[in-house]
Structures are given as C-alpha cells and as structure tokens.
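Chain residues, written in single-letter form:
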Amino acid sequence: MEIPSKNAVEEEGGEDLQLDVPYPEDQNVEEKEQENDEPFKGSKRSGLRPSIKAKRTRVLREGSNESKDIRLLETESLGKILMINGKLLSAEKDEFILHECLVHPALLFHHNPKSVFIMGGAQGSSAREVLKHRTIKKVVMCTNNKELVNFCRTNLTKNKEAFRKEELHLVFKDAIDELEKSKEKFDVIVGDLAEPLEEDASFMLYTKYFYEKTIKPKLNPMGIFVTMAGPAGVFTHKGTFTSIYQTLNSCFQYVRPYQAYVPSYKDTIGWVMASDQTNLLEPNLDQCDIDMLDGQIIIRIEGGRLQYLNGATILASSIFNKIVFSGMMNETDIPKEEEFNAR
C-alpha cells in the first residue's frame with residue numbers, strides 16, 4: 001500500500017491538498033526533494049500535526065457548520081479519507097486498525113460486556129466495532145457534533161448498518177454532562193475523542209479529576225475504561241500518550257497500554273485500558289492466553305474473526321521498546337482540573 005510521505009504525493013487529476021498527520025516534533029528530518037517546508041506546529045499535548053502536501057483526485061462530499069469544515073475525499077493511495085478542518089481524521093484503507101484496537105481488547109478482556117458508553121465517536125466506526133459483539137445489548141454514543149454524525153451516517157457506507165441498529169442510542173450532548181447526570185452504569189466506557197489540546201475544552205476529558213469523579217462511578221463492577229491516547233512512536237510518545245498512561249495509572253489499580261502502527265498516520269498510535277478489577281488486564285503473552293483470546297473472538301464476534309486483531313496481536317501490542325517504555329515510566333505530567341480552569 002502506497003503511503004503519502006511528508007513530501008508531495010502525486011495523484012493524477014487533482015489539486016494540492018493539505019493533510020495534517022502526526023509527525024515527530026523533535027526529529028531532524030532532511031528530505032532532498034521536500035516541497036513543503038512549513039514548520040512543525042503543536043504543543044506538548046497537541047499530538048503534533050504538521051501539514052503535508054498531497055494531491056487529491058476529487059471531493060466526494062462536503063459539509064460545514066460554524067466551526068467545522070468536513071470533507072470526504074477520494075484519494076489514490078488511501079481510498080476515501082475523512083477530513084475535519086484540514087486534518088486527517090481517518091482513511092478508508094486502514095481505519096479498521098484504529099477502531100479494532102480501540103474497541104475489541106477491552107470488550108474481549110471483559111467477561112460478559114452488555115452495555116457500552118462511547119464518548120465521541122461521531123464517525124460511527126467505534127459503534128460499528130462494538131456492535132460486532134454478540135453479548136452487546138446497548139451502546140450509547142454521546143457526541144456534541146451532530147453535523148459530523150449526520151455527514152458520516154449518510155456518506156460512510158461501511159458504518160450505515162451500525163447507525164441503523166436498535167442497540168445504538170445516539171445522544172447529542174456534552175459527554176461530561178451526560179455521564180454525570182446519567183443514572184446508568186456501563187460495562188465498558190470508550191474514549192473516542194479529540195486530542196487533549198491544552199487550550200481546548202477536550203483537555204478536561206483527560207484529567208485525573210474526570211477519570212476519578214466521572215468515569216469510575218459510571219463503571220459497573222468488573223468495568224473497563226479504554227481511550228485513544230495519541231501518537232506512541234519513538235519520537236512522538238512524550239506528552240499525550242505518556243501523560244494519559246500515568247494519569248490513568250494514578251486513578252486505577254490496573255492499567256494496560258498498547259500500540260499499533262497506523263499507515264495513514266505514518267506513526268505508531270497508542271491506547272490505554274484501565275480497571276480496578278483484579279486480573280482483568282493481566283493476560284501474558286503465553287499460548288494459553290493467546291488461545292483464550294482467539295476462542296473469545298470466535299465465540300463472541302459476528303463472523304468469528306477480526307480484520308487486524310487476533311489473540312497474539314492483542315497481547316504483543318502491550319510490549320514496548322525501551323525508549324517508549326522509559327518515557328511512560330518517567331512521565332510526571334498528570335493533568336488536573338485546576339490547570340484547565342486557570343486558562
């Protein structure tokens with residue numbers, strides 16, 4: 001599969017298109033034929049998204065509201081790509097990696113998940129993956145981005161069936177308010193959210209206060225929380241990924257970070273699971289645990305298989321190289337509510 005580089009990617013019949021993808025902030029990159037010399041931009045918690053130049057073949061759909069510019073583009077290298085305000089949100093050819101990794105490890109580690117709350121997830125891809133589990137009775141997808149939900153429900157063919165399922169309940173509200181006011185508890189809570197920009201309200205969704213006061217009280221006994229945690233590569237893990245890991249580690253008894261390379265992002269992406277229940281997140285990379293997870297996939301998942309994950313891949317994804325592991329262990333930045341309120 002051809003992946004767009006930081007250089008211009010030539011695709012016949014299109015105009016220049018700016019794509020924002022994660023790229024290392026402090027990496028000294030020299031490319032002889034580099035056409036886009038725009039400086040790197042981003043803060044410690046921004047996930048680092050410099051623009052790269054690419055060519056588009058055509059715009060399939062466009063939508064917008066006061067704050068969002070939404071585009072679905074057809075590209076030669078990545079298939080259909082969904083862009084929000086010029087940033088690459090997901091690509092048709094590899095979004096299954098992002099969303100399988102976000103959803104399935106937590107649901108497979110849980111003994112019998114029936115109810116799931118998704119914070120964000122307006123594309124519908126996380127809901128699609130959750131609804132592959134035969135045990136699921138109710139999925140609440142809570143987002144305040146109704147425009148994006150309607151756009152994706154109409155234009156993302158792969159997710160149309162998920163949006164039609166009666167188990168899926170759409171709530172167009174702020175995730176914090178909805179969880180705090182809800183009388184329900186859930187077996188799994190999924191964070192499919194924007195990156196925690198320091199100047200943005202999304203920062204609150206990654207604080208110790210939010211995890212302790214909002215997430216934990218809404219988990220059923222044996223419940224698991226899982227969240228996307230940003231880039232986790234050798235050059236990009238510091239900040240977002242390491243901070244989320246340590247923040248959850250300060251709130252929950254058991255925490256399991258994991259990773260996968262996502263070609264369209266040109267980087268390794270990280271996720272973190274957390275629970276207070278003994279042994280839920282402690283499977284090791286041995287044949288018994290691999291066989292257990294493979295058996296769960298066959299029994300629980302419609303069709304008995306996943307496109308990217310199997311038992312061995314799930315367990316191996318929690319093994320980190322020594323640079324990233326050291327960054328996780330030595331991270332001291334634990335975001336607190338008062339940091340956001342002071343801005």
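Keep in mind that what you see is a predicted model, and the values were worked out from it rather than measured.

1. A closer look at the overall build of the protein chain
- In terms of regular secondary structure, the protein chain is built from eleven helices and 13 strands.
- Within the protein chain, the fraction of its 343 residues that count as buried is 56%.
- Surface exposure of the protein chain reaches about 15400 Å², of which carbon and sulfur atoms provide 46%.

2. Let's talk about the sheet that holds strand 13 (residues 267-275)
- Pairing is mixed across the open sheet formed by seven strands, whose spatial order is 9-8-7-10-11-13-12. Since the sheet does not close on itself, it has two edges, and those belong to strand 9 (168-171) and strand 12 (254-262), each with one partner. This sheet shows a mean twist of 15 degrees between the axes of neighbouring strands, independent of strand direction.
- The pairing of strand 11 (residues 219-231) with strand 13 spans five bridges and is classified as antiparallel.

3. Some words on the nonpolar core
- Ranked by internal contacts, the top residues of the largest apolar core, which has 53 residues, are F109, V116, I118, V130, W271 and M273.
- Among the elements that take part in this core, helix 1 (residues 95-109) stands out by supplying ten residues, more than any other.
- Ignoring anything within four residues of it in the chain, the contact list for I118 reads S126, A127, V130, V139, V140, M141, C142, V190 and D192.
- Counting residues in each nonpolar core, the second largest holds 33 residues, with F117, M119, A232 and C251 among its members.

4. Observations regarding the pairing of strand 6 (residues 87-91)
- Pairing analysis gives four bridges linking strand 5 (residues 79-84) to strand 6, with the strands arranged antiparallel. Bridge pairing links I81 to A91 in strand 6.
- Joining the antiparallel neighbours strand 5 and strand 6 is a turn of two residues, in which N85 adopts a positive phi near 50 degrees.

5. Examining a nonpolar patch on the surface
- Nonpolar side chains collect at one region of the surface, where V234, F235 and I323 lie side by side and expose about 270 Å² of accessible area between them.
- Position of I323 relative to the elements: it lies in helix 10 (residues 322-330).
- Looking at I323, the relative accessible area reads 46%, which means it is partly exposed.

6. Digging into unusual backbone geometry
- Despite not being glycine, N85 has its phi angle at roughly 50 degrees, a positive value.
- Of note, N85 is situated in the loop between strand 5 and strand 6.

7. Some words on the packing of aromatic side chains
- Scanning the model with the defined rule gives five aromatic pairs in all.
- Judged by centre distance (6.1 Å) and plane angle (50 degrees), the rings of F210 and Y211 are tilted. Like F210, the residue Y211 is buried in the burial classification.
- On the basis of an interplanar angle of 50 degrees and a centroid distance of 5.5 Å, the ring pair of Y211 and F225 is categorised as tilted. Pair noted here: Y211 is in helix 6 (residues 208-215) and F225 is in strand 11, with a separation of 14 residues, a long-range link. F225 carries the same exposure label as Y211, and that label is buried.
- Ring pairs connect the aromatic residues F210, Y211 and F225, which therefore count as one cluster.
- Its guanidinium or amino end placed over the ring of F163, R153 lies 5.7 Å from that ring's centre, counting from NZ or CZ.

8. Let's talk about the confidence of the model for the protein chain
- On average, residues of the protein chain score 81 in pLDDT, and 75% of them are at 70 or above.
- Of all secondary-structure elements in the protein chain, the lowest mean pLDDT belongs to strand 2 (residues 51-55), at 41, while helix 2 (residues 125-130) reaches the highest, 98.
- Every residue in residues 1-16 scores below 50 in pLDDT, and together they form 54 contacts with partners more than four places removed in sequence or on other chains.
- Contacts of residues 21-54 to residues separated by more than four positions or lying in other chains number 101 contacts, the stretch itself having pLDDT below 50.

9. Notes on the pattern of salt bridges
- Scanning all chains against the criterion turns up nine salt bridges.
- Residues E129 and K132 are paired through a salt bridge, measuring 3.1 Å at the closest nitrogen-oxygen approach.
- Note on E129: relative accessible area 1%, which makes it buried.
- The partner of K173 in a salt bridge is E178, and the shortest N-O contact between them spans 3.8 Å.
- Note on K173: relative accessible area 49%, which makes it partly exposed.

10. Focus: the pairing of strand 4 (residues 69-75)
- In terms of strand pairing, strand 4 meets strand 5 through six bridges, oriented antiparallel. Across the sheet, L72 pairs through a bridge with L82, a residue of strand 5.
- Turn length for the strand 4-strand 5 hairpin, with the two strands adjacent in sequence and antiparallel, is three residues.

11. A closer look at helix 7 (residues 240-249)
- Within helix 7, nine of the ten residues are buried, which leaves the element mostly enclosed by the surrounding structure.
- All of the buried residues along helix 7 are T240, F241, T242, S243, I244, Y245, Q246, T247 and L248.
- Packing partners of the buried residues in helix 7 comprise helix 6, strand 11, strand 12, strand 13 and helix 10.

12. Section: the packing of helix 7 against helix 10
- At a minimum axis distance of 8 Å, the contact between helix 7 and helix 10 shows a crossing angle of 50 degrees. By the angle between their axes, helix 7 is oblique relative to helix 10. Where helix 7 crosses over helix 10, the handedness of that crossing is right-handed. Where helix 7 abuts helix 10, its residues F241, T242, Y245 and Q246 lie against V324, G327, M328 and M329.
- Here the contact of helix 7 with helix 10 is composed, by residue class, of five nonpolar, three polar and no charged.

Conventions and cut-offs
Residues numbered from 1 in each chain as written. Predicted model: local features only at pLDDT ≥ 70, side-chain atom pairs only at ≥ 80, totals over all residues. Heavy atoms only, no water. Helix = DSSP H or I, 4+ residues; strand = E, 2+ residues; numbered from the N terminus. Buried < 20%, exposed > 50% of the residue type's maximum accessible area, 1.4 Å probe, protein only. Areas by Shrake-Rupley, 256 points an atom, 1.4 Å probe, with all protein chains shown as cover. Pairing = 2+ DSSP bridges. Axes fitted to C-alpha atoms, helices over the stretch in contact; angles between N-to-C directions. Core = buried A, V, L, I, M, F, W, Y, C linked by side-chain atoms within 4.5 Å. Contact = heavy atoms within 4.5 Å. Patch = residues over 30% accessible without salt bridge, like charges linked within 9 Å, V, L, I, M, F, W, Y side chains within 5 Å. Salt bridge = Lys/Arg side-chain N within 4 Å of Asp/Glu carboxyl O. Phe/Tyr/Trp six-rings, centres within 6.5 Å; stacked < 30°, edge-to-face > 60°. Lys NZ or Arg CZ within 6 Å of the ring centre and 35° of its normal. pLDDT = per-residue confidence, 0-100. Parallel < 35°, antiparallel > 145°, perpendicular 65-115°, else oblique. Left-handed = near helix turned anticlockwise from the far one by under 90°. Nonpolar A, V, L, I, M, F, W, Y, C, P; charged D, E, K, R; others polar.

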